[in-house]
Amino acid sequence: MQSNDELKAGLPIIDIGGLADADPAAQRRVADHLRAVCERHGFFYVVNHGVPAELIGAAFARAEAFFDQHDAAKLALDKRLSACNRGYEPLRAQTLEAGAPPDLKEGFYLGEDVPADDPRVLAGRFNTGPNQWPDEAAQPGLAGFRDTMQAYFAAAYALATRITRGLALSLDLPAAAFDDYLDGASATLRLLHYPPQPPNPAPGEKGCGAHTDFGGITLLLQDDSGGLQVRDPASGDWIDAPPVPGSYVVNLGDLFARWTNDRYRSTLHRVINRSGRERHSIPFFFTGNPDYLVRCLPTCLAAGAEPRYAPVTVEQHLRECYERTYG
Ligand SMILES: O=C(O)CCC(=O)C(=O)O
Ligand SMILES: [Fe+2]
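Here's a quick rundown of the structure.

Conventions used here
- Residues numbered from 1 in each chain as written.
- Chains lettered and ligands numbered in written order.
- Predicted model: local features only at pLDDT ≥ 70, side-chain atom pairs only at ≥ 80, totals over all residues.
- Heavy atoms only, no water.
- Helix = DSSP H or I, 4+ residues; strand = E, 2+ residues; numbered from the N terminus.
- Rg over C-alpha atoms; globule rule 2.2 N^0.38 Å.
- Buried < 20%, exposed > 50% of the residue type's maximum accessible area, 1.4 Å probe, protein only.
- Contact = heavy atoms within 4.5 Å.
- Areas by Shrake-Rupley, 256 points an atom, 1.4 Å probe, with all protein chains shown as cover.
- Lys, Arg positive; Asp, Glu negative; His and termini not counted.
- Charge placed at Lys NZ, Arg CZ, Asp CG, Glu CD.
- Near = heavy atom within 4 Å.
- Polar contact = N/O pair within 3.5 Å; in protein donor to acceptor, adjacent residues only side chain to side chain.
- Nonpolar A, V, L, I, M, F, W, Y, C, P; charged D, E, K, R; others polar.
- Pairing = 2+ DSSP bridges.
- Salt bridge = Lys/Arg side-chain N within 4 Å of Asp/Glu carboxyl O.

Looking now at the overall build of the protein chain. A count of helical and extended segments in the protein chain gives 9 helices and 14 strands. In terms of overall dimensions, the protein chain is globule-like: its C-alpha atoms have a radius of gyration of 19 Å, near the 20 Å expected for 327 residues. Along the longest, intermediate and shortest principal axes, the C-alpha atoms of the protein chain span 60 × 50 × 40 Å. The 327 residues of the protein chain split such that 55% are buried. Expressed as a percentage of contacts within the protein chain between residues at least 6 apart in sequence, the contacts between residues at least 24 apart total 75%. Counting only carbon and sulfur atoms, one obtains 52% of the accessible surface of the protein chain, whose full area is about 14,000 Å². Averaging the coordinates of the 31 positive side-chain charges in the protein chain and doing the same for the 42 negative ones gives two points 4 Å apart.

Laid out in structure tokens, this is it:
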């Protein structure tokens, strides 16, 4: 368990190389570290994650080129044209913090590219369908956008799967305990662009209002601007989560808190871009198989205690979260 001083100095950095090690003792060491951090606040950096730096650099470069386009090109891919939450979201379209002004960010959402005639799409499965892709010929920096994003999505998906297995171990469950949740898991890649915080912001105006994430785990890439803050559940203080080269910031979402009966935390976080520059970030939200029934895990309930939450499918949980923040 971390001390308060360690927490004030920043979020912990976990070397997750051991999760890819065949030696169970190496996996166990990472799992022990994960447990301590997830019981405390569920926010940590990971290093030794195995995603190539060149792929991450290529994804950032294409994301920047995407946002550099004229509004008309971006709005041609408006997320409202998609039945499955894919595409462009203009500045101030989302309000993540209830009661605060809308977020000073624009975004682009993509996921597994599922053709419109796929049985899952025809059955109306949540968040499942075709992506909207930009015209790569429209801007030199956009060449390779689709291939790059698909390669990055696959790499992030594999990493999220590995970390989720590590979380099973951390909860004293077999590594395979979450296989039904991982099988056919849905995930969303989100490219974000934050203009600099204006000199005279409206009261409470931020890049991204205080919120918890909805799903299982989030893998966040941020550029070197800074601005991400995490609320320490014990003290209520906002802790800076500055960029750490070569790392991801990983956090647990509400689904994980619910699954673990709040033994593991889904913690509030926000972004205020005070760098004076454009900020870019790339969160990857891993949500799990939409049909999976999330019910209190056996190692998260004291003898004789009742679970705090009723069982819910992943899909139902996510629908409720989206309705809350988009109205
Ligand atoms: O841009 C960031 O650093 C954080 C974004 C975030 O928290 C989110 O999209 O849920
Ligand atoms: Fe978030």
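What follows covers the site of ligand 1. Lining the immediate environment of ligand 1, one finds Arg190, Leu192, Tyr194, His211, Asp213, Leu220, His269, Val271, Arg279, Ser281, Pro283 and Phe285. Here an oxygen atom of ligand 1 sits 2.6 Å away from a polar atom, N or O, in the side chain of Tyr194. The contact in question runs from an oxygen atom of ligand 1 to an N or O atom on the side chain of Ser281, over 2.7 Å. Elements supplying a minimum of two residues to the shell around ligand 1: strand 5 (186-194), strand 11 (269-271) and strand 12 (279-288). With 4 residues, strand 12 is the largest single contributor of residues to the shell around ligand 1. The class makeup of the residues in the shell around ligand 1 is 6 nonpolar, 3 polar and 3 charged.

Okay, the pairing of strand 8 (residues 228-231) next. The pairing of strand 8 with strand 11 spans 3 bridges and is classified as antiparallel. Counted as the bridge partner of Val230 is His269 from strand 11. The pairing of strand 8 with strand 9 (residues 238-240) spans 3 bridges and is classified as antiparallel. Across the sheet, Arg231 pairs through a bridge with Trp238, a residue of strand 9. Linking strand 8 to strand 9, which pair antiparallel, is a turn of 6 residues; within it Gly236 sits at a positive phi near 80 degrees.

On to the pattern of salt bridges. Counted by the stated rule, this structure contains 20 salt bridges. A salt bridge links Glu106 to Lys74, with the shortest nitrogen-to-oxygen separation between them at 3.1 Å. Within this pair, whereas Glu106 is found in strand 4 (residues 106-110), its partner Lys74 is found in helix 4 (residues 71-75), the two being separated by 32 residues in sequence. By relative accessible area, which is 8% here, Glu106 ends up buried. By relative accessible area, which is 4% here, Lys74 ends up buried. Arg308 is paired through a salt bridge with Asp262; the nearest N and O atoms lie 2.9 Å apart. Note that Arg308 is positioned in the loop between strand 13 (293-294) and strand 14 (312-313) and Asp262 in the loop between helix 8 (254-259) and strand 11, a separation of 46 residues in sequence. Residue Arg308 is classed as exposed on the basis of its relative accessible area of 57%. The exposure class of Asp262 is partly exposed, given its relative accessible area of 25%. Through salt bridges with shared partners, a single network forms among Asp32, Arg35 and Asp172.

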